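# Commentary on secondary and tertiary structure
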Amino acid sequence: MQPIRTMQFGFGAALAVLIVVGAVAYRSVIASNESTRWTEHTHEVLEHITSLRSAMANVESGYRDFAFSGDETFLQSARVNTQRLHEELSTSRALTTDNPVQQNRIAILAGLLQQTVLDGEQLHAVTGSMEREERRLLTERSTDEERRFRQAKHVVILACAAGFLMAVIAGWMLQRNLSARERAEAKYRGLLEAAPDAMVVVNQFGRIVLLNLQAEKRFGYRSNELVGQHVKNLIPEGFAERLIADGTRSAVEALAQQIGMGIELQGRRKDGSDFPIEIMLSPLQSPEGILVTAAIRDISVRKSAEEYLVKTVGELKRSNDDLGHFAYVASHDLQEPLRMVSSYTQLLAKRYQGRLDADADEFIAYAVDGSNRMQQLIRDLLAYSRAGTGEMEFREISSELALHKALVNLQSAIQESCAVVTYDSLPAVTTDDTQLSQVFQNLIANAIKYRSVEVPRIHVSATADAGRERVFSVRDNGLGIDPKYFDRIFVLFQRLHGREQFAGTGIGLAICKKILERLGGRIWVESQPEKGSIFHFALPGAAAK
Amino acid sequence: MIASTGTHTAPIEVLLVEDSPGDVRLTREALKDAKVHISLHVAFDGVEAMAFLERAGKHVHAPRPDLILLDLNLPRKDGREVLKEIKESSSLKSIPVVILTTSSSEADVLQSYHLHANCYISKPVDLEGFLKVVQSIDNFWLSVVKLPRDPRS
């Protein structure tokens, strides 16, 4: 921008100098001309005075010769010359109106000529002084003319020199400026070409000013085909409208609202096919007004990936829902016939225990045990399929109250095992309290169940909200877990102990994991065999919402 | 005419609406030890239950039950509809209806009470539980509670 200003100023100054120089030269030439005219005028006057003097001499000699010879021809000649004398006198009077001294002399001369006897001496004296005057004027004017001519010549030479100098300076400045602009443009173009995206620079009328190779390639145009075209040819909708000011806002304001945002639009190739693009706009001040640089990214791949993702997520959700529904229906509907099997094997056992033979008793016992286990599995499967599926109510709750609720449910287990459950002051969290209670209950129940020979000591604590998540920990002094089983324990129906050692189907931690996933959290364990376990679970922190 | 007294000679009429023969038999077994003399009638679906109550068709001589044990999930006519019809009928609505079903869904519980069920019991999945429940019904509804007399008799 600065070089342009300097250049304008330079050109202005050059123009001003040229005008002044031109005017001076013009005036010099005019003055010189005037001077020449005056010289010529003096020559003319002198000519007439000479002629007047010769006429006067002729009159004199005419009369003298007539007086000598009495020849009428001389008299005639004298009269003709007198006539000429008068004519010359009036011409001279007309020519010397600018010179009062000469006018005065002409008047004296005219007075002398009126006399009957011409005084030759005086006439000669007057005309002589007139001639001398004119000769003096001639000398003076010639000198002046010469001086003025010289002056005019100098001025013209000077003007030419000044003009030439100005032209050279202007040319040099222009050259320097243009190369600066070229360099700047080359730099900018280089920048555009280096960009990974298609770049299009558009002026505020929506015309394409500059674009990079990627843009031409992306839109299927040949080199430079697009410069000067309207951007609507590339982006039919949604772009030009954003650039051009409407009634309520200026282009700058209109643009300011769009800066930095990725706007998803449709791009149109030369062959007319459309493809999804994302554009990022940034303004560019330029001597031609606001320009807009648009980085255009082909998002076909991303779009199809997004669509694929949405589709896949939808399918996954559907299949998950199906699975959940299946688990529910299967467990629910299996329960009915199983209830029959179980009830009647139990009835059989009740009525006929010891009344048949030992084999029958054993068979019945296995049938009863099998059906009981199956019932438990189905109940757990149902519980698992229900866990975290119902309506969740997320609100700020006291996690300590949720723990209390769990402890109430575990009251008998705690009493039987003489477990000591302690806890720090627990924070308020935004989650579903029933689900949180369930997690506490399952973890503490496990801590009691898998206790060592020592009195079970269980401690519940929580970290401060670290922003992204808040971690709760349930620490016990129980049996501990070999780290190689850490993943397995969270899987449905996976157990580390035989049924003879510990009852249960292996559902508790699977349910915890499912619930925490639904709550947006996670669960993990820290343990060594015989050193107790710490089960950690994290809930999303305030910053994660 | 006090139903709870063991001295009462006429048996207590109970209508069991239940589609599962296994459950019917279990109920019978459980009621075997009942303190009172119970006459158990069984309808295998809702339509038959209504026919029995309205003494329609082959049930023309059916007695008016003192207590109805109603399952919710029934073929042909749903237990909920049966309950609704009983409680909307001026002659039948005084008969206590005990919902005895496998469903433990909150929605079913709520709906049943909305339809004026007299109580709602989920069938326990194990035999002992089931026997206990039936014995409780027997004990409560057929011994403790004073049932209304048939206005027609």
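No experiment lies behind these values; they were computed from the predicted model shown.

### Some words on the overall build of chain A
The secondary structure content of chain A amounts to 13 helices and 12 strands. The burial tally for chain A puts 26% of its 545 residues in the buried class.

### A short note on the overall build of chain B
Along the backbone of chain B there are 5 helices and 5 strands. Along chain B, helices (α) and strands (β) appear in the sequence β-α-β-α-β-α-β-α-β-α when read from the amino end. Excluding contacts between residues fewer than 6 apart, the proportion of contacts in chain B whose partners are at least 24 apart in sequence is 71%.

### Re the environment of A:Leu377
Residues and elements named next belong to chain A. Positionally, Leu-377 belongs in helix H9 (residues 358-386). A residue is classified by how many C-beta atoms lie within 10 Å of it, and Leu-377, with 17 of them, is partly exposed. Put simply, Leu-377 and Ser-331 are 46 residues apart on the chain and 8.8 Å apart in space, counted from C-alpha to C-alpha.

### Considering the nonpolar core
Within the largest apolar cluster, 38 residues are counted, with the highest numbers of intra-cluster contacts made by A:Val439, A:Phe440, A:Leu443 and A:Ile444. Within the residue set of this core, elements represented by two or more residues are H9, helix H10 (399-409), helix H12 (433-449), strand E9 (457-462), strand E10 (469-476), helix H13 (508-518) and strand E12 (533-540) of chain A. If you tally residues by element for this core, the top one is H12(A), at 7 residues. Residues from two domains meet in this core; each of domain 3 (304-385) and domain 4 (392-544) of chain A gives at least three. Beyond its immediate sequence surroundings of up to four residues, A:Ile444 is in contact with A:Ala406, A:Leu410, A:Val421, A:Ile458 and A:Val474. Membership of the second largest hydrophobic core comes to 35 residues, among which are B:Leu74, B:Leu83, B:Ile99 and B:Trp141.

### Things to note about helix H5 (residues 127-144) of chain B
Its 18 residues give H5(B) an end-to-end C-alpha distance of 24 Å, which sits within 8% of 26 Å, the value for a rise of 1.5 Å per residue. Buried residues along H5(B) sit in contact with helix H8 (300-352) of chain A together with strand E1 (12-17), helix H1 (21-31), strand E2 (38-43), strand E3 (67-70) and strand E4 (97-101) of chain B.

### Some remarks on the pairing of strand E3 (residues 263-268) of chain A
Pairing of E3(A) with strand E4 (residues 274-286) of chain A, which is carried by 6 bridges, proceeds in the antiparallel orientation. Pairing of A:Leu265 across the sheet is with A:Ile277, part of E4(A).

### Here's the deal with the sheet that holds E1(B)
Residue and element names in this part refer to chain B. As summarised here, the arrangement of the 5 strands in space is E2-E1-E3-E4-E5, forming an open sheet in which the pairing is parallel. Each end of this open sheet is capped by a strand with a single partner; those strands are E2 and strand E5 (119-122). Within this sheet the neighbouring strands show an average axis-to-axis angle of 20°, counted without direction. Judged from the 6 bridges that link them, E1 and E2 form a sheet pairing that is parallel. Within the sheet, the bridge partner assigned to Ile-12 lies in E2 and is Ile-38. Its contacts with the sheet put H1 on E1 and E2, and the angle it makes with E2 is roughly 175°.

### Quick word on the interface of chain B and chain A
With 8 residues of chain B at the interface, the matching set in chain A holds 10 residues. With 3 residues, H1(B) is the single largest residue contributor to the side of chain B that touches chain A. Within the side of chain B that touches chain A, the residues separate by chemical class into 4 nonpolar, 2 polar and 2 charged.

### Overview of the sheet that holds E4(A)
Residue and element names in this part refer to chain A. Pairing in this open sheet of 5 strands is antiparallel, and the strands run E2-E1-E5-E4-E3 from one edge to the other. The open sheet has two free edges, formed respectively by strand E2 (208-211) and E3, since each of these has just one partner strand. Direction aside, the axes of adjacent strands within the sheet are offset by 35° on average.

### So, the packing of helix H2 (residues 46-53) of chain B against helix H3 (residues 79-88) of chain B
Residues and elements named next belong to chain B. Interhelical geometry of H2 versus H3 gives an angle of 20° and a closest axis separation of 9 Å. On the basis of the axis angle, H2 is roughly parallel to H3. The handedness of the crossing between H2 and H3 is right-handed. Packed against H2, whose contacting residues are Gly-46, Ala-49, Met-50 and Leu-53, the element H3 presents Gly-79, Glu-81, Val-82, Glu-85 and Ile-86 at the interface. Taken together, the residues of the contact of H2 with H3 sort by class into 5 nonpolar, 2 polar and 2 charged.

### Quick look at the packing of H10(A) against H12(A)
All names here are of chain A. Taken N-terminus to C-terminus, the directions of H10 and H12 make an angle of 50°; their axes are 8 Å apart at the nearest point. By the criterion of interaxial angle, the relationship of H10 to H12 is oblique. Once H10 is placed against H12, the crossing between them reads as right-handed. Side by side, H10 and H12 meet where Ser-399, Ala-402, Leu-403, Lys-405, Ala-406 and Asn-409 of the first sit next to Asp-433, Leu-436, Ser-437, Phe-440, Gln-441 and Ile-444 of the second. Considered class by class, the residues forming the contact of H10 with H12 number 6 nonpolar, 4 polar and 2 charged.

### So, the pairing of E3(B)
Residue and element names in this part refer to chain B. Residues Leu-67 and Leu-69 of E3 are buried on one face, and the alternating residues Ile-68 and Leu-70, pointing to the opposite face, are buried as well. Where E1 meets E3, 4 bridges bridge the pair, whose relative direction is parallel. Across the sheet, Leu-16 pairs through a bridge with Leu-69, a residue of E3. Two elements, E3 and E4, share 3 bridges in a ladder whose sense is parallel. Bridge pairing in E4 places Ile-68 opposite Val-97. For the handedness criterion, the β-α-β arrangement of E3, H3 and E4 is classed as right-handed.

### Focus: the confidence of the model for chain B
All names here are of chain B. Model confidence for chain B is summarised by a mean pLDDT of 83, while 92% of its residues fall at 70 or above. Here residues 1-7 scores under 50 on pLDDT; set against residues more than four positions off or in separate chains, the count is 13 contacts. Here the predicted complex carries an ipTM of 0.74, next to a pTM of 0.50.

### So, unusual backbone geometry
Trans is the common state for peptide bonds, and a negative phi is the common state for residues other than glycine. Residue and element names in this part refer to chain B. If you check the backbone angles, Arg-76 has positive phi at about 60° while not being a glycine. Tracing the backbone shows Arg-76 in the loop between E3 and H3. Even without being glycine, His-116 reaches a positive phi, approximately 70°. As for its placement among the helices and strands, His-116 is situated in the loop between helix H4 (106-114) and E5.

### Side note on H10(A)
All names here are of chain A. By the burial criterion, the buried members of H10 are Ser-399, Ala-402, Leu-403 and Ala-406. Seen from one end, H10 has its buried residues packed into an arc of 100°, which puts them on one side. Buried residues belonging to H10 abut strand E6 (395-398), strand E7 (420-423), strand E8 (428-431), H12 and E9.

### Quick look at the environment of A:Gly478
On the secondary structure map, A:Gly478 appears in the loop between E10 and H13. Along the chain, A:Gly478 and A:Glu454 lie 24 residues apart, while their C-alpha atoms are 7.8 Å from each other.

### Re the environment of B:Pro11
All names here are of chain B. Within the secondary structure layout, Pro-11 lies in the segment before E1. C-beta crowding within 10 Å serves as the criterion here: with 13 such atoms nearby, Pro-11 is assigned to the partly exposed category. Sequence-distant contacts of Pro-11, defined by excluding residues within four places in its chain, comprise His-37, Ile-38 and Ser-39.

What counts, and at which threshold
- Position labels on residues start from 1 in each chain and follow its written sequence.
- Written order determines the labels here, with chains lettered from A and ligands numbered from 1.
- Local features in a predicted model are, by the rule used here, given only for residues with pLDDT of at least 70; side-chain atom pairs are given and counted only at 80 or more, and totals for whole chains, interfaces and linings are based on all residues.
- For the purposes of this entry, the term helix denotes a DSSP run of H or I that reaches at least four residues, the term strand denotes a run of E that reaches at least two, and both are numbered from the N terminus.
- Here exposure depends only on C-beta density: within 10 Å of a residue's C-beta, 20 or more other C-beta atoms make it buried, 12 or fewer make it exposed, and intermediate numbers make it partly exposed, the C-beta atoms being placed from the backbone.
- Any two residues are considered in contact once their C-beta atoms, placed from the backbone, lie within 7 Å.
- Buried Ala, Val, Leu, Ile, Met, Phe, Trp, Tyr and Cys residues form a nonpolar core when they are connected through C-beta atoms within 7 Å.
- The domain limits used here are those given by an automatic or database domain assignment.
- How far a helix is expected to stretch is found by multiplying one less than its residue total by 1.5 Å.
- What makes two strands pair is DSSP finding at least two bridges between them.
- Only the contacting stretch of a helix is used when fitting its axis, a line to C-alpha atoms as for every element, and angles between N-to-C directions run 0 to 180 degrees.
- Here the nonpolar group is Ala, Val, Leu, Ile, Met, Phe, Trp, Tyr, Cys and Pro; Asp, Glu, Lys and Arg are the charged ones; every other residue, Gly included, is treated as polar.
- Oblique is the label for any angle not covered by the other classes, which are roughly parallel (under 35 degrees), roughly antiparallel (over 145) and roughly perpendicular (65 to 115).
- Handedness of a crossing is defined here by the sense of rotation of the near helix relative to the far one, left-handed for an anticlockwise turn of less than a right angle and right-handed for a clockwise turn.
- By convention, orient the strands away from the viewer: a clockwise path from the first strand over the helix to the second makes the crossover right-handed.
- Every residue carries a pLDDT, the predictor's confidence in it, which falls somewhere between 0 and 100.
- Here, the arc refers to the directions that run from the helix axis to the C-beta atoms.

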